[in-house]
Amino acid sequence: QVQLVESGGGVVQAGGSLSLSCAASGSIRSINVMAWYQQAPGKQRELVASINSGGGTNYADSVKGRFTISRDNAKNTVYLRMNSLKPEDTAVYYCTIRTALGYSYWGQGTQVTVSS
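To keep things clear, this report deals only with the structure shown in the data block.

Conventions used here
- Residues numbered from 1 in each chain as written.
- Predicted model: local features only at pLDDT ≥ 70, side-chain atom pairs only at ≥ 80, totals over all residues.
- Heavy atoms only, no water.
- Pairing = 2+ DSSP bridges.
- Helix = DSSP H or I, 4+ residues; strand = E, 2+ residues; numbered from the N terminus.
- Axes fitted to C-alpha atoms, helices over the stretch in contact; angles between N-to-C directions.
- Disulfide = S-S within 2.5 Å.
- Buried < 20%, exposed > 50% of the residue type's maximum accessible area, 1.4 Å probe, protein only.
- Polar contact = N/O pair within 3.5 Å; in protein donor to acceptor, adjacent residues only side chain to side chain.
- Contact = heavy atoms within 4.5 Å.
- Core = buried A, V, L, I, M, F, W, Y, C linked by side-chain atoms within 4.5 Å.

### Focus: the sheet that holds strand 8 (residues 77-82)
In sheet architecture, strand pairing relies on hydrogen bonds along the backbone and comes in two forms, parallel and antiparallel. With antiparallel pairing, the four strands of this open sheet are ordered in space as 1-3-8-7. Either end of the sheet is taken by a strand with one partner, and the two such strands are strand 1 (2-7) and strand 7 (67-72). Averaged over all pairs of adjacent strands, the angle between their axes in this sheet comes to 15°, without regard to strand direction. Across six bridges, strand 1 lies against strand 3 (residues 18-26) in antiparallel orientation. Bridge pairing in strand 3 places valine 2 opposite glycine 26.

This is the structure:
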């Protein structure tokens, strides 16, 4: 069984920073892609950033230059550093992984609230 445990959400003022982390545990041999999604109230879940096993990254246009995704393969952990936060970044943030065998798993989500 695979578990993803997220941490680091909270409340921050506009212009501030937060860091999220997500640790995967369980029967995982190899993780291809690790990613963060956001879901604001009444909206669909959207990709924020992803990182593949080679370190290649992809960002939503709305967060380019402000957010940085990284991973520690030895710890099966993915991070999201969020700078210059805006009220529109307010959402529940979910981490997800896709293993080398093609299975996907999701975390439980962590709330990020940016006050104006």
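Having put the structure on the table, let's press on.
### What about the state of the cysteines?
Taken as a whole and assessed by the stated rule, the structure comprises one disulfide. For cysteine 22, the disulfide goes to cysteine 95, at an S-S distance of 1.9 Å. Because the torsion about its S-S bond is 40°, the bridge between cysteine 22 and cysteine 95 counts as right-handed. Here cysteine 22, found in strand 3, pairs with cysteine 95, found in strand 9 (residues 91-99); they are 73 residues apart in sequence, far enough to count as distant. We classify cysteine 22 as buried; its relative accessible area is 1%.

### Quick word on the side chain of glutamine 38
Within the element layout of this structure, glutamine 38 appears in strand 4 (residues 31-39). The class of glutamine 38 is buried, set by a relative accessible area of 14%. Engagement of the side chain of glutamine 38 in a polar contact is seen with the side chain of tyrosine 93, the distance being 2.8 Å. Those residues in contact with glutamine 38, other than ones at most four positions away along the chain, are Gln44, Arg45, Glu46, Val48, Asp89, Ala91, Val92 and Tyr93.

### Here's the deal with the nonpolar core
One recurring pattern in soluble globular proteins: nonpolar side chains tend to sit buried together. Counting residues in each nonpolar core, the largest one holds 28 residues, and the members touching the most others are Trp36, Leu80, Met82 and Tyr93. The residues touching leucine 80, leaving out its near neighbours within four places in the chain, are Leu18, Ser19, Leu20, Trp36, Val48, Ala49, Phe67, Thr68, Ile69 and Tyr93.

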